[in-house]
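So the chains spell out like this:
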Amino acid sequence: MSDDQLLKIRDIHLEGRSDETWTPIINGIDLDLKRGEVLGLIGESGAGKSTLGLAAMGFARDGVRISQGSVEFDGIDLVNASAAVKRGLLGKRIAYVAQSAAASFNPAHKIIDQHTEAPVQHGVMSTKQSQADGMELYERLRLPNPEEIGFRYPHQVSGGQLQRAMTAMAMSCRPDLIIFDEPTTALDVTTQIEVLASIRDIVEQFNTAAIYITHDLAVVAQMADRIKVLLKGDEVEEADTRTMLLTPTQDYTKSLWAVRSFQRPAKPAINTGATPIVSVKNVTAAYGKMPVLFDVDFDIHAGRTVAVVGESGSGKSTAARCITGLLPPKNGHIEFEGVAMPLDYRHRSKDQLRQAQMIYQMADTALNPRKSIGEIIGRPVQFYMGLTGAAKRKRVDELLEQIELEPDTYFSRLPSELSGGQKQRIGIARALAAEPKFIICDEVTSALDQLVAEGILKLLANLQDNLGLSYMFITHDLATVKSISDEVVVMKDGRVIEQGPKAEMFKPPHHPYTDLLLSSVPEMDPDWLTDLLKARGVDNIGDAAVGKM
Amino acid sequence: MSMLATLITVVIVSTLGGWMFRFAGQKTTQNTPYFRDMPYGVAVGYILGAIVVLWLAQTYYLGRTLEAPAANKYFFFVKAIDLFIIFALAAYVFRIFGRHVGTSATRKLFRSMPVTAAFGVMIIIIYTIMAIFAGLIAPYGQDQVFPLANIVPGGDPALGGNPDFPLGTDQIGRDILSRLIFGAQNTVGIAFATTCLAFFIGSSLGFLAATVGGWVDQLLSRAVDVLMAIPALIFALLLMTIASAWAGSDKGLLTLYMVVIIAVIDSTRVFRLARAVGQNIVVMDYIEAAKLRGEGLAYLVFREILPNATAPLLAEFGLRFCFVFLTIASLSFLGVGIQPPLADWGTMVRDMSQFINFAAFAPSVAVAPLLAAGAIALLTVGVNFVVDWMLHKSSGLKE
């Protein structure tokens, strides 16, 4: 073993406890990491990425155990190490950055107080030194007001800033190894860039080794020197980033790479003069006194998909709430096939409600966990169509076939017995059961793995072709926009910035914000981030470029 | 002083023993994950548990072998251990019985049941049978007075018992066994009805407040705050006094008033829980989907919200049932609850409470009031075991 070798995992097996038995999660994976090297771990959810990442710290979550194999960190056996030895290492020489900084910071303490905890506990620095060091790190991570930001509470800074503060915290003892567990998954594309660039910089500056866990290939391509692909607890393949991107050898890896290629053929232009299915006319809305939408105006035509894009807080979901009548607009109105609808959903007739259906982002919260699939889909069938008994069952079976699920297998199951993609399909079936003309899809694929998301997009496209549905497709993911939309509406701060057919939107010239959005989408090219930062001016990548400050 | 010395010895033995136990486990089993990942506290717990079991066994042995009056000290301890073993065995046998008899659904249910739940189910079944068939099971009537008052439980004439009255008689000569059986009918039946009523009122109003919100929520919640601000037992006493004036000599009507009064007072607690649980559920997307579908309030509350709130409500039901039960017993103890000559466990404890003073030198005499108290305790424990198990099942909690 060379001196360069920092982490050596051999034939590691982890097991999770479910129903009184231990089921395997990771089946014998080897992992090597040199000093200063960044390893990307990718795979879909349930592949065991996070479990393996934690095992690299000699740690297993509650209900999980390391059953076999060894983890050697700088010559120390972490599996059999005593708690005292581990205490001395974790936080000091090995650090961890969690996915959701907002959930991982203690909201009751100031950021800097949480930052100084580890160095002071480990006796690396005094509180004063650590605070000064924290400010320096904040500056290097390009946080605004590095002198002052640490003295705020976690809720007083934005999500992207908090994620960087957490990276700074992980750096506080200058560890040899940092494990990043999906640090940018919960962030908008524009914010993601800042965090990615800061993480990459600081890892290079301190020659820290890192394990970067993500499901986003384009992100890992920017960050990692080597990539390891996991599938259901097994290693699929491992190679240098460039080799892996250009010449993946395994079929599974190739399929992951191919996901982004799904694209619908362009549809002919809309007849001018045709009445749109839904038109949003000069809508202004507010939550209480706080205005959130300003003079929003767009049309959705029959059989077409309108993608509404923007970062979180841009008002895309609020626009959907105005259309459904959950949030009656202050000004303006909603027209359905040329007829103005009552603004409040409680004043709409059953038939008006039936016309516009909704599919939600989180299928977990969108399906009642105590009802069987048959009941969930059967209720709108009975409610709107008045079908009961055998006729209802027949209609539910038809719907299940439309969403490509076997009716007899799934009819009596509960939502908890389905996978994420299947749940989302049930959400689609429930919307279809009302036989609507128009469906609002609110980030329907953003909680799903890429392969599964692609399946959902294809299903939605097929349904549109067969049933002539119109979609309002809310998303922040421009790859999804490219693949499914006909028209695009770009929103920012409650206003429509730009709108038009897809082909025009993806061709310059753009509105500056559209340009920023488009250029922030990571590409599968390992040089993409470097090139982008050069193009934007390296010193300028912080919030200034995003136009927030 | 010897107490302190014992305590120190136990602490030293368990701290050292815990470490040695874990170390020995790791060495003999080649560091299997079970011993490797065992926290120190757990290892100490094993040793402490072993010490406690040893102490129990030793005390039990002393109580069994010593002659009276030295054994008097251990009388209740020995009885408790005896009963514990008998009930545990009975529950175990009951579970085996349940696994082999009945429909396939109940057999499956018993297969997944821990012994504690089997115990709870057994107790509830026994009490239910007692309550329903009290007239057939009980050897005498609940208000039947015999000339033989104050017979000691046990049925041994040498100790002041009488084989005709296995659990003895009270001060005016009524058979305690018969009164215990009739007490199940009165106390448990009334408590069950009261709890159901409290839950009906509390949960429907709570869900209503959560779903509708706004001024309906304000009105209901503030009204509940006002009711909760008054100490429950005193409030119940006050209302019962008014109710007794209204009811006059009609004892059935007074019992009905009592059920309503306790139900309303207890429904405030249920309301708070139902509202809090309901508020977490109404923000879910499936509720929004149902609202947008145009569903009415009743469908939202009973078909969408209620099924998701059953777990916390069930847990509360078990607890609330016991509280209601104890409230009724307290009211009866204070003289305004279930009226004589109806048998009621609370009243029985009150009537014979002074016998507890004899515990030191004539333990079998002191058993008389404890029989009714034991009946209350047994049901409380049994109901909670069953509720725990149901919660565990419905929440899918691990371990």
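Our subject in this report is the structure included herewith. These figures come from a predicted structure and were not determined experimentally.

1. Examining the overall build of chain B
Link 1 in the chain: Per the secondary structure count, chain B includes 15 helices and zero strands.
Link 2 in the chain: If one aligns the C-alpha atoms of chain B with their principal axes, the spans along those axes are about 75 × 75 × 50 Å.
Link 3 in the chain: Sorting the 399 residues of chain B into buried and exposed places 41% on the buried side.
Link 4 in the chain: The long-range share in chain B, meaning contacts at least 24 apart out of those at least 6 apart in sequence, stands at 66%.
Link 5 in the chain: As presented, chain B carries roughly 20,600 Å² of accessible surface, and 73% of it is formed by carbon and sulfur atoms.
Link 6 in the chain: Here chain B contributes 25 positively and 21 negatively charged side chains, and the mean placements of these two sets differ by 9 Å.

2. Comments concerning the environment of S317(A)
Residue and element names in this part refer to chain A.
Link 1 in the chain: Inspection of the secondary structure puts S317 in helix 11 (residues 316-324).
Link 2 in the chain: With relative accessibility at 31%, the residue S317 sits in the partly exposed group.
Link 3 in the chain: For the pair S317 and D442, spaced 125 residues apart in the sequence, the C-alpha separation amounts to 7.0 Å.
Link 4 in the chain: Residues within four places of S317 in sequence aside, it is in contact with D442 and I474.

3. Focus on the side chain of R395(A)
Residues and elements named next belong to chain A.
Link 1 in the chain: Note on placement: R395 falls in helix 15 (residues 389-402).
Link 2 in the chain: Note on R395: relative accessible area 14%, which makes it buried.
Link 3 in the chain: There is a polar contact of 3.4 Å between the side chain of R395 and the side chain of E435.
Link 4 in the chain: With sequence-adjacent residues up to four places away left out, R395 is seen in contact with V381, L387, L432 and E435.

4. Comments concerning unusual backbone geometry
All names here are of chain A.
Link 1 in the chain: The backbone phi angle of R174 is positive, close to 55°, even though this residue is not glycine.
Link 2 in the chain: Along the chain, R174 turns up in the loop between helix 6 (159-171) and strand 7 (177-181).
Link 3 in the chain: Given a relative accessible area of 28%, R174 falls into the partly exposed group.
Link 4 in the chain: For D493, which is not glycine, the phi dihedral falls at a positive 50°.
Link 5 in the chain: Secondary-structure assignment places D493 in the loop between strand 19 (487-492) and strand 20 (495-501).
Link 6 in the chain: Judged by relative accessible area, D493 falls into the partly exposed class, the value being 47%.

5. With respect to the packing of aromatic side chains
All names here are of chain B.
Link 1 in the chain: Applying the stated criterion across every chain yields a total of 20 aromatic pairs over all chains.
Link 2 in the chain: Judged by centre distance (5.2 Å) and plane angle (90°), the rings of F75 and F76 are edge-to-face.
Link 3 in the chain: Relative accessible area serves as the criterion here: at 32%, F76 is assigned to the partly exposed category.
Link 4 in the chain: Ring geometry for W246 versus Y257: centroids 6.1 Å apart, planes at 65°, classification edge-to-face. On the criterion of sequence distance, the pair formed by W246 in helix 10 (residues 232-247) and Y257 in helix 11 (residues 251-282) is long-range, its members being 11 residues apart.
Link 5 in the chain: Owing to a relative accessible area of 64%, W246 belongs among the exposed residues under this scheme.

6. Quick word on the state of the cysteines
All names here are of chain B.
Link 1 in the chain: Going through the model one piece at a time under the given rule, you end up with zero disulfides over all chains.
Link 2 in the chain: Residue C196 stays outside any disulfide, its sulfur separated by 13 Å from that of C322, the closest cysteine.
Link 3 in the chain: A residue is classified by how much of its surface remains accessible, and C196, at 31% relative accessible area, is partly exposed.

7. Focus: the sheet that holds strand 3 (residues 38-42) of chain A
Residues and elements named next belong to chain A.
Link 1 in the chain: Read across the open sheet, the six strands follow the order 6-7-8-3-9-10; overall the sheet is mixed. Looking along the sheet, the strands with just one partner apiece sit at the ends: strand 6 (94-97) and strand 10 (234-240). Shown here is a sheet whose adjacent strand axes are inclined to one another by a mean of 15°, direction ignored.
Link 2 in the chain: Looking at chain direction, strand 3 and strand 8 (residues 209-214) are connected through five bridges and run parallel. By the bridge assignment for strand 8, V38 is matched with A210.
Link 3 in the chain: Taken strand by strand, helix 6 contacts strand 6 and strand 7, and its axis lies near 170° from that of strand 6.

8. Describing the interface of chain A and chain B
Link 1 in the chain: Opposite the 28 residues of chain A that make contact, chain B presents 22 residues.
Link 2 in the chain: In total, chain A and chain B occlude about 2,300 Å² of area from one another, counting both sides; carbon and sulfur atoms represent 50% of this.
Link 3 in the chain: Sorting the residues of chain A by area buried against chain B places Y360(A), T365(A) and R370(A) first, and these three jointly supply 23% of that buried surface.
Link 4 in the chain: Ionic pairing is found between K371(A) and E304(B), a salt bridge with its closest N-O pair at 3.7 Å.
Link 5 in the chain: At the boundary of chain A and chain B, one finds 12 residue pairs in polar contact (both at pLDDT 80 or more).
Link 6 in the chain: Elements represented by at least two residues in the side of chain A that touches chain B include exactly strand 1 (5-18), strand 4 (64-73), helix 11, helix 13 (363-366) and helix 14 (373-385) of chain A.
Link 7 in the chain: Of all the elements, helix 14 of chain A adds the most residues to the side of chain A that touches chain B, at four residues.

Rules and cut-offs
Residues numbered from 1 in each chain as written. Chains lettered and ligands numbered in written order. Predicted model: local features only at pLDDT ≥ 70, side-chain atom pairs only at ≥ 80, totals over all residues. Heavy atoms only, no water. Helix = DSSP H or I, 4+ residues; strand = E, 2+ residues; numbered from the N terminus. Buried < 20%, exposed > 50% of the residue type's maximum accessible area, 1.4 Å probe, protein only. Contact = heavy atoms within 4.5 Å. Areas by Shrake-Rupley, 256 points an atom, 1.4 Å probe, with all protein chains shown as cover. Lys, Arg positive; Asp, Glu negative; His and termini not counted. Charge placed at Lys NZ, Arg CZ, Asp CG, Glu CD. Polar contact = N/O pair within 3.5 Å; in protein donor to acceptor, adjacent residues only side chain to side chain. Phe/Tyr/Trp six-rings, centres within 6.5 Å; stacked < 30°, edge-to-face > 60°. Disulfide = S-S within 2.5 Å. Pairing = 2+ DSSP bridges. Axes fitted to C-alpha atoms, helices over the stretch in contact; angles between N-to-C directions. Buried area = accessible area lost by both parts, 1.4 Å probe. Salt bridge = Lys/Arg side-chain N within 4 Å of Asp/Glu carboxyl O.

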